[in-house]
Structures are given as structure tokens and as C-alpha cells.
Amino acid sequence: MKVEARSSVGAGFVAGLFEAASRTGVERAALLRQAGLGGGDDAAEQARLPMSAVIALFDATVVLSGRDDIGLEFARRVRPGTFSVLGYALMTCRTLGEAIEVAPHFRRLVFDIGYSEMRFVQNEEEARLGWHVVSNALPYCRSLAEALIASWYHFGRWMAGVELPLKEVLFRHEAPSDASPYTAFFDCPVRFGAGENALVFSSALLTMPLVQADENLHLAMREQARAAMEKAFSQSDLAHRLHQALIPLMPKCEATLEHAASALGLSPRTLQRRLGEASLRFQGVLDAARKDMAVIYLRDPTLSVLDVSLLLGYAEHSSFTRAFRAWFSCNPSAWRRARSVAPD
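Colleague: Looking at this model, I keep getting lost on the nonpolar core. Mind explaining?
Modeller: In this structure, Phe58, Trp131, Leu144 and Phe186 are the most contacted members of the largest nonpolar core, which totals 74 residues. Per-element accounting of this core gives the leading share, 11 residues, to helix α8 (residues 142–160). Setting aside residues no more than four positions away along its own chain, Phe58 makes contact with Phe13, Leu17, Ile70, Phe74, Cys141, Ser143, Leu144 and Ala147. One finds Ala239, Ala261, Leu280 and Val305 within the second-largest nonpolar core, a separate group that totals 38 residues.

Colleague: I'm lost on the sheet that holds strand β4 (residues 126–133) in this one. Help?
Modeller: The pairing of strands in a sheet comes from backbone hydrogen bonds and takes either a parallel or an antiparallel form. The strand order across the open sheet formed by five strands is β3-β4-β7-β5-β6, and the pairing between neighbours is mixed. Here the strands that pair on one side only, and so sit at the sheet edges, are β3 (116–122) and β6 (190–191). Of the strand pairs in this sheet, strand β5 (residues 168–170) and β6 are connected by two bridges, and their pairing is parallel. Paired with Val169 across the bridge in β6 is Val190. Against the sheet, α8 contacts β3, β4, β5 and β7 (197–202), and its axis sits at roughly 150 degrees relative to β4.

Colleague: Can you walk me through the pairing of β4 in this structure?
Modeller: Walk down a regular strand and you will see the side chains alternate between the two sheet faces. Burial analysis of β4 places six of its eight residues in the buried class, which makes it a mostly covered element. Pairing of β3 with β4 involves seven bridges; the strand directions are antiparallel. Bridge pairing links Val121 to Arg128 in β4. Linking β3 back to β4 in an antiparallel pair, the connection comprises three residues. Bridge count for β4 against β7 is six bridges, and the pairing is antiparallel. Bridge pairing in β7 links Glu126 to Ser202.

Conventions and cut-offs
- Every chain's residues receive numbers from 1 upward, in the order its sequence appears when written.
- Selection of residues for local features in this predicted model requires a pLDDT of at least 70, selection of side-chain atom pairs for listing and counting requires 80 or more, and totals for whole chains, interfaces and linings are taken over all residues.
- The side-chain values count all of the structure's non-hydrogen atoms but skip hydrogen atoms and water molecules.
- Residues belong to one nonpolar core when they are buried, are Ala, Val, Leu, Ile, Met, Phe, Trp, Tyr or Cys, and are joined through side-chain atoms within 4.5 Å.
- Here's how the labels work: a residue is buried when its accessible area is under 20% of the maximum for its type, exposed when over 50%, partly exposed in between, all with a 1.4 Å probe on protein chains only.
- We count a stretch as a helix when DSSP gives it H or I for four or more residues in a row; a strand needs E for two or more, and each element gets its number in order from the N terminus.
- For this analysis, residues touch if any pair of their heavy atoms sits within 4.5 Å.
- In short, DSSP must find at least two bridges between two strands for them to pair.
- Axis angles are defined between N-to-C directions and span 0 to 180 degrees, where every axis is a line fitted to C-alpha atoms and, for a helix, only to the segment in contact.

If you want it as C-alpha cells, here you go:
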């Protein structure tokens, strides 16, 4: 099974979807049946749900409610708990910009790695906060995309305690039959078929102070977030543990089964067996780790493409370029140019 196909979603976010469905008159049992998850509450009570199940629930909500804009309904009552402990860590940041910087560190509490990623780009005048699907293992879900973009906007306004004027909102998918609810919700131009999902706003908003900023509470919330990450993933998710172990091994060209097993306190044979039991291959996890870290390193303008290649443990720069083309259908330099990342 591919790593990205095993992505999961936190219980707070799933609870928000059930609440949104309920407000449109859709009962939980009917929603679970329509999504192919059974008629009971077992799926709803899990600590996390597979991403595939969450996509099915969003699609089922649209069908049963008849509401194309269910993502907006989801966002209207977003609370800190919707984003697990991460929500409380964000609301206690000093500024909106700091909150955006903190989010990627703990985003896995809400959305596991593999299926999608959060992207943030800014210059002196404009900032762009986007959500991108990076996996072909699961389908793109327009209502999920709308729920996330709308939630970020709504939660940002709540944290700042003031209106946050947007320049425009972009959606990758085509426009619904009636786009007026979207214009009313975001109070700005909304462009569909734009090829990406993003909030576009003035960079000046990044210095906006947050109403409940509290340095001591923020540090406590970050510690809780780290503990929650450890509990949710480090002990149970072999792929994640191996992924983390490989990161410091790659620059030393030691990202091998033997070195990784040693870092995890296992014998190579035991690690191989456990990977097999989880339907994983060592090379598959290594490739996924390199892919994830490549996009992180390439966003750092102080690193050249050759630097990134070496950090990922490639003996030859051309090997990295070939792998990157297979992942993203372009070379690393073109990927950077498309995101306005220029190496120093």
C-alpha cells in the first residue's frame, strides 16, 4: 500500500463535518451508509479516519444535502478543536504570520502526510496560502478543498478578532451553478478553474496581532501538540517512524535498510518483516521521504538544487532531477520558478 493512500484525518475535523451535515438535515447514520461506512457510529468514533473515508463523507454530504457549498457550511462554525491541539497552538501565537509558520510543524494532527500539502508564498506586497493535492492515489474532492480554504479564512478572522480583507480566492475546480454564496462568504472575487486552491491577501496582514496571544500558553500548547504527535504516530505508524529516521541519514548517504534499522533499534531482518506486514517497501518509504523533504528544501532560497540533491542523499545530481520529474512532471528549477523561490 502506498504511504499516501494511508493518510488519515483527525477526529476534530471529522466531527466538524458531521456537524455541518446535521445542520443541513442529514442524519449521521444516513451519511455513513451513503459513504459506504456502515450505519453505526464505529467509524465516527475513531480517533482518526482514513482520508479515503473523509472524501467519501464529503461526497455523501453533498449528495444527501443537495448543497454544493457544504464546505462553506463546514467553515462557519470552525473552532480551535476542529484542528486538534494545533488549533489552540495557533490561536495563542503573537501574529497571523507566526500562526502560518507554526501550522506545518503540527499539521499532521489534522491531515496526515502524503495526500496533500499546505503551501505558503509571499513577497513584499502579496501573500498566498494554498492547499494542494500531491497524490494520485486518492481522488480530488472539491468540497474538501472548499472546506479547508474557507476554514483557514474563517479561523483567521476569529483569531484576529477583525475582518481580514482578501484580494481574491482561487479554486482549482470549475465553478458551481451558483457562485454567489462564495462571493458573499469571502467578500472578495472568487475565481474558479484557477488551477490551485488558495487565499490571496496583502502581506501586511501577516503582522496582524492575535486576540488571544499568550507566549506561555503557546509554549504549553506546542508541547501538547508534540505529545499528541508522538502518541498518534511515532509508536504506531512504522512508515512515519522510518520516514523520520531516514531524514538525518540521507545527507550522509546512509539511507539504507541497515542504518535505518539501527536508528530504530531493530535488526534489518525485523524491520524488513514489519514493513512487509504493513504492506510497505523500504524503497517506497525512502522515495516518499525524499519527495516530502525535496519540496521543503526547495522552498529554502539559501539552498541550491545541488545542495538539495546532496541533502536527499543522491550520489548524482541527475538522479535527483530524474526522480523529481517522476514526482512532479517538471525539474526542480521549474518547480521553484512556479512558486517564486529564487536561490540566493
